[in-house]
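Tertiary structure, described
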Amino acid sequence: MVSSIAAQVPAAVKATGTLTVAADATYAPNEFIGPDGHTVVGMDADLATAIGQVLGLKINMVNATFDTIIPGLVSGKYDLGMSSFTDTKARQQTVDFVTYFSAGTSFYGKTSGPGIASLAGLCGHKVAVEKGTTQAADAQAQAAKCNSASNPVTVEIFNDQNAVNLALSSGRADVAMADSPVAAYQVKQSNGTFKLSGREYGTAPYGIAIPKNNGMAKPIQAAVEHLMADGTYMKILDKWGIQAGAIPTPKINGATS
Amino acid sequence: MTTPQTTETAGLTAPPEEIKAVPVRHPGRWLAAAVVLVLAAMFVHTLLTNPRFGWDVIGSYLFSRRVLAGLAITILLTVVAMAMGILLGVILAVMRLSANPLLSGTSWVYIWFFRGTPVLVQLLFWFNLAFLYPRISLGLPFGPSFLHANANSLITPLAAAILGLGLNEGAYMAEIVRAGILSVDHGQVDAAQALGMSRTLTMRRIVLPQAMRVIIPPTGNETISMLKTSSLASVITVTELLYSVQLIYAVNFKTIPLLIVASIWYLILTSVLTAGQYYIERHYARGAARELPPTPWQRIRRILFTVHAPLPAPPAQHRDES
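Residues numbered from 1 in each chain as written. Chains lettered and ligands numbered in written order. Predicted model: local features only at pLDDT ≥ 70, side-chain atom pairs only at ≥ 80, totals over all residues. Heavy atoms only, no water.

Points about the overall build of chain B
As a reminder of what qualifies: The numbering of helices and of strands both runs from the N terminus, where a helix is a DSSP run of H or I of at least 4 residues and a strand a run of E of at least 2. The globule rule used here is 2.2 Å times the number of residues to the 0.38 power, and the radius of gyration it is set against is calculated over C-alpha atoms. Relative accessibility thresholds used throughout: buried, under 20% of the residue-type maximum; exposed, over 50%; partly exposed, between the two (1.4 Å probe, protein chains only).
Helix and strand content of chain B: 13 helices and two strands. Over its C-alpha trace chain B gives a radius of gyration of 32 Å, far above what one expects of a compact globule, namely 20 Å for 322 residues. Principal-axis analysis of the C-alpha atoms places the extent of chain B at approximately 125 × 70 × 30 Å. The proportion of buried residues among the 322 residues of chain B is 31%.

In structure tokens:
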């Protein structure tokens, strides 16, 4: 515990001694369920534990569907949301963010399928995305553009990433969209069934989601800075093979779009 | 010396007192009613004063295009899945009661399998059928095939939902119809056979119409249940009511108000179905009782519009004259 940073934690949170952190554990390698069948593991889980150690608080990591996490933060069910959230201006109207990573969106599909390389290439195909993600919003925006032409896009929105991958395997969708580290990991784990196609776009920061104005933004930012300074941050990213997305300094509400 | 006549006359000149009849007091009922009223008032108060309900959001989305489109799909799923379920149920029930062991065995296996797996799993299975059979073709068994189709084009999400819900419902309806058929007295079948009716005619004209009285209440229950079970189709991306509402709050984060919008519509539809079931039950109850009890509308009419004749005047008090 770093006492100078732990002192910044508001008294109400310090009194409980625990931070409940929500993540949608279907997004390997950032958050997924470990071999014991119920613990959330991954880059976000390791980073949450490290932040907890700096602040002197216990971390209770819970699994929740992606589109229920921000409403859960607003209603006080969770203290933090660390589920590969892209920090966007739209989301900043509801919660605060402390940026900690950088990722874009990648396309991936069956090795035998059409290699869709960009959003424009979606026209005339079926794309699977997870509910509540920026990829869902991007795909729907592209569908509006395509549908005016003669080549409609079918956007299939599923509850979680596992359902997206199943839709891809069964041919329901020609292509899936996910954050680049996640897409790369799925392709690696699939042993040749899936392949990445095209180039990643829309590189944007990940942010730790915090309820608005509850005093936790500054301590969390200080904790992340500390982890970057003492090398713990890079060690965690190296462990999961995603060091390419490292950022130099954490920002509060650093949305670029 | 008092004579009996004097006492009689004396008794007859005074008019009999009116009986003061006081209704039985039920203090417990009044107390319970007061408690219920207070709780109801508290509930209505919190509904109106808690800002988190978001009544303005509810009002703006209750009749929005997306919600109404989702409602239409929910109604479509309920109607088609129940129609499929009832038709399948009758066929399976009759097969189950057949003398042919192959028919009754097949029916048993179908009911065992479709009641034995969760509806959600069945929906996911039909949706992802292409994982097992990418192409579906029509042809000779173990021989050449004539028509081919891509499984994903043939089975759209809506088709997968109808298949999953309808086939599952067929298994449950089969047991309900079988219960109805068993409830008809065997004397009816004996009498029909004595009249020389065939087994099919007996089933169609004698047994099934009488079985309806026992079949309708659980079927109404199943229909109302199907209305809600159709929300499972949200997992396979069918844009029914719940999924439409989920897509809206995934973007604007107003989870509770939008779930209330969906709940209001489910409640309205359930009320309509409940009223419908009441009238269908009355239709099939003809002949079972001398006179059917009045419907709610008939009761309202009776209270509001019946004119009572004035009560007759009390009898004259002059019995001692004669």
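Structure's up, so let's keep going.
Digging into the overall build of chain A
Counted only if it meets this: Note on contacts: a residue pair is in contact if any heavy atoms of the two residues lie within 4.5 Å. Working definition of accessibility: Shrake-Rupley area with a 1.4 Å probe, residue cover restricted to the visible protein chains.
For chain A, the helix and strand inventory stands at ten helices and eleven strands. A compact globule built from 257 residues would reach a C-alpha radius of gyration of about 18 Å, and chain A, at 18 Å, matches this within 12%. In terms of overall dimensions, chain A has a C-alpha envelope of 60 × 35 × 30 Å along the principal axes. Within chain A, the fraction of its 257 residues that count as buried is 54%. The long-range fraction of contacts in chain A, counting pairs at least 24 apart against all pairs at least 6 apart in sequence, stands at 77%. Just so you have it, chain A exposes about 10,300 Å², and 53% of that area is on carbon and sulfur atoms.

Looking at the packing of helix α4 (residues 65–96) of chain B against helix α12 (residues 255–284) of chain B
Residues and elements named next belong to chain B. To keep things clear, this is the line we draw: Only C-alpha atoms enter the line fits that serve as axes; for helices the fit covers just the stretch in contact. Angles between N-to-C directions range over 0 to 180 degrees. With respect to orientation, any angle under 35 degrees is reported as roughly parallel, any angle over 145 as roughly antiparallel, any angle of 65 to 115 as roughly perpendicular, and every other angle as oblique. Throughout, a crossing is termed right-handed when the near helix is turned clockwise from the far one, and left-handed when it is turned anticlockwise from it by less than a right angle. We call Asp, Glu, Lys and Arg charged. Ala, Val, Leu, Ile, Met, Phe, Trp, Tyr, Cys and Pro are nonpolar, and the rest, Gly among them, are polar.
Put simply, α4 and α12 touch, their axes get as near as 11 Å, and they point 40° apart. In terms of orientation, α4 lies oblique with respect to α12. Note that α4 runs across α12; the crossing there is right-handed. Contacts between α4 and α12 involve Val 67, Leu 68, Leu 71, Thr 74 and Ile 75 from the former and Val 261, Trp 265, Tyr 266 and Leu 269 from the latter. Within the contact of α4 with α12, the residues separate by chemical class into eight nonpolar, one polar and no charged.

Quick notes on the interface of chain B and chain A
Definition in use: Using a 1.4 Å probe, buried area is obtained as the accessible area two parts lose upon being combined, added over both of them. Salt bridge, as used here: a side-chain nitrogen of Lys or Arg that lies within 4 Å of a carboxyl oxygen of Asp or Glu.
Listed by partner, the interface residues are 19 residues for chain B and 18 residues for chain A. Carbon and sulfur atoms make up 58% of the surface buried where chain B meets chain A, a total of about 1,600 Å² over both sides. Looking at the side of chain B facing chain A, the largest losses of area belong to Asn 128, Asn 152 and Phe 253 of chain B, adding up to 34% of the total buried there. For the interface between chain B and chain A, the tally reads zero salt bridges. Within the residue set of the side of chain B that touches chain A, elements represented by two or more residues are α6 (119–127) and α11 (241–252) of chain B. Sort the elements by how many residues they give to the side of chain B that touches chain A and α11 of chain B lands first, with five residues. Taken together, the residues of the side of chain B that touches chain A break down into twelve nonpolar, six polar and one charged.

Looking at the pattern of salt bridges
Side-chain pairing between opposite charges can occur once the charged atoms of the two side chains come close. Under the defined criterion, the tally for this structure stands at four salt bridges over all chains. Here Asp 96 of chain A and Lys 212 of chain A are joined by a salt bridge, their closest N and O atoms 3.0 Å apart. Pair noted here: Asp 96 of chain A is in strand β7 (residues 95–110) and Lys 212 of chain A is in the loop between β11 (194–211) and α9 (217–229), with a separation of 116 residues, a long-range link. Accessibility expressed as a relative area gives 10% for Asp 96 of chain A, which makes it buried. Note that Arg 178 of chain B and Glu 175 of chain B form a salt bridge whose closest N and O atoms lie 3.1 Å from each other. With Arg 178 of chain B and Glu 175 of chain B both in helix α8 (residues 157–183) and three residues apart, the pair spans about one turn of that helix. A residue is classified by how much of its surface remains accessible, and Arg 178 of chain B, at 23% relative accessible area, is partly exposed.

Examining the nonpolar core
The tendency in soluble globular proteins is for nonpolar side chains to be buried as a group. For the record, the criterion: Here, the term nonpolar core denotes a set of buried Ala, Val, Leu, Ile, Met, Phe, Trp, Tyr and Cys residues that are joined through side-chain atoms within 4.5 Å.
Residues Tyr 108 of chain A together with Leu 77, Ala 161, Leu 165 and Ile 236 of chain B are the most contacted members of the largest nonpolar core, which totals 48 residues. The element contributing the most residues to this core is α8 of chain B, with eleven residues. With 44 residues, the next largest nonpolar core counts Val 40, Val 54, Leu 80 and Ile 208 of chain A among its residues.

Section: the side chain of Thr 134 of chain A
Residues and elements named next belong to chain A. Along the chain, Thr 134 turns up in helix α6 (residues 134–147). We classify Thr 134 as buried; its relative accessible area is 19%. Excluding residues within four positions of it along the chain, Thr 134 makes contact with Thr 86, Thr 88 and Arg 91.

Let's talk about the side chain of Thr 223 of chain B
Residue and element names in this part refer to chain B. Take Thr 223: it is sitting in helix α10 (residues 199–229). Assessed through its relative accessible area of 18%, Thr 223 is described here as buried. Those residues within four positions of Thr 223 in sequence are excluded, and the remaining contacts are Thr 78, Met 82 and Leu 273.

Focus: the pairing of strand β8 (residues 126–130) of chain A
Residues and elements named next belong to chain A. Applicable threshold: In this analysis, strands are considered paired if DSSP registers two or more bridges between them.
Most of β8 is tucked away: four of the five residues are buried. The sheet contact formed by β8 and strand β9 (residues 154–158) spans five bridges and is parallel. The residue bridging Glu 130 from the neighbouring strand is Phe 158, located in β9. Sheet analysis places β8 next to strand β10 (residues 175–179), joined by two bridges and oriented parallel. Along β10, the bridge assignment pairs Val 127 with Val 175.

Let's talk about the sheet that holds strand β4 (residues 40–41) of chain A
Remark on secondary structure: sheet strands pair via backbone hydrogen bonds, oriented parallel or antiparallel. Residue and element names in this part refer to chain A. An order of β2-β3-β4 is seen for the three strands of this open sheet, with the pairing classed as antiparallel. Among the strands making up the open sheet, the edge pair consists of β2 (26–27) and β4. When β2 meets strand β3 (residues 31–33), the two strands line up antiparallel, connected through two bridges. Each bridged residue has a counterpart across the sheet, and for Thr 26 the counterpart in β3 is Phe 32.

Here's the deal with the pairing of strand β1 (residues 18–23) of chain A
Residues and elements named next belong to chain A. Most of β1 is tucked away: five of the six residues are buried. Two strands pair when backbone bridges link them, and β1 and strand β5 (residues 58–63) are joined in this way by six bridges, in the parallel orientation. Looking across to β5, one finds that Ala 23 is bridged to Asn 63. Here β1 runs beside strand β6 (residues 80–81); their pairing, made up of two bridges, is parallel. Bridging from a neighbouring strand, Ala 22 pairs with Gly 81 of β6.

Notes on the packing of aromatic side chains
Here is the rule: Ring pairs are drawn from Phe, Tyr and Trp, using the six-membered ring of Trp, whenever the two centres fall within 6.5 Å, and their geometry is named by plane angle: stacked under 30 degrees, edge-to-face over 60, tilted for the rest. The criterion for a charge sitting over a ring is simple: Lys NZ or Arg CZ within 6 Å of the ring centre, and within 35 degrees of the ring normal.
Enumeration according to the criterion identifies 16 aromatic pairs over all chains in this entry. Centre to centre, the rings of Phe 125 of chain B and Trp 126 of chain B are 5.5 Å apart; their planes meet at 75°, and the pair counts as edge-to-face. Since its relative accessible area comes to 39%, Phe 125 of chain B is described here as partly exposed. Trp 126 of chain B sits in the buried class, given a relative accessible area of 18%. In this structure an aromatic cluster arises from ring pairing among Phe 32, Tyr 185 and Trp 240 of chain A. Cation over ring: Arg 172 of chain A sits above Phe 127 of chain B, and NZ or CZ is 4.3 Å from the ring centre.

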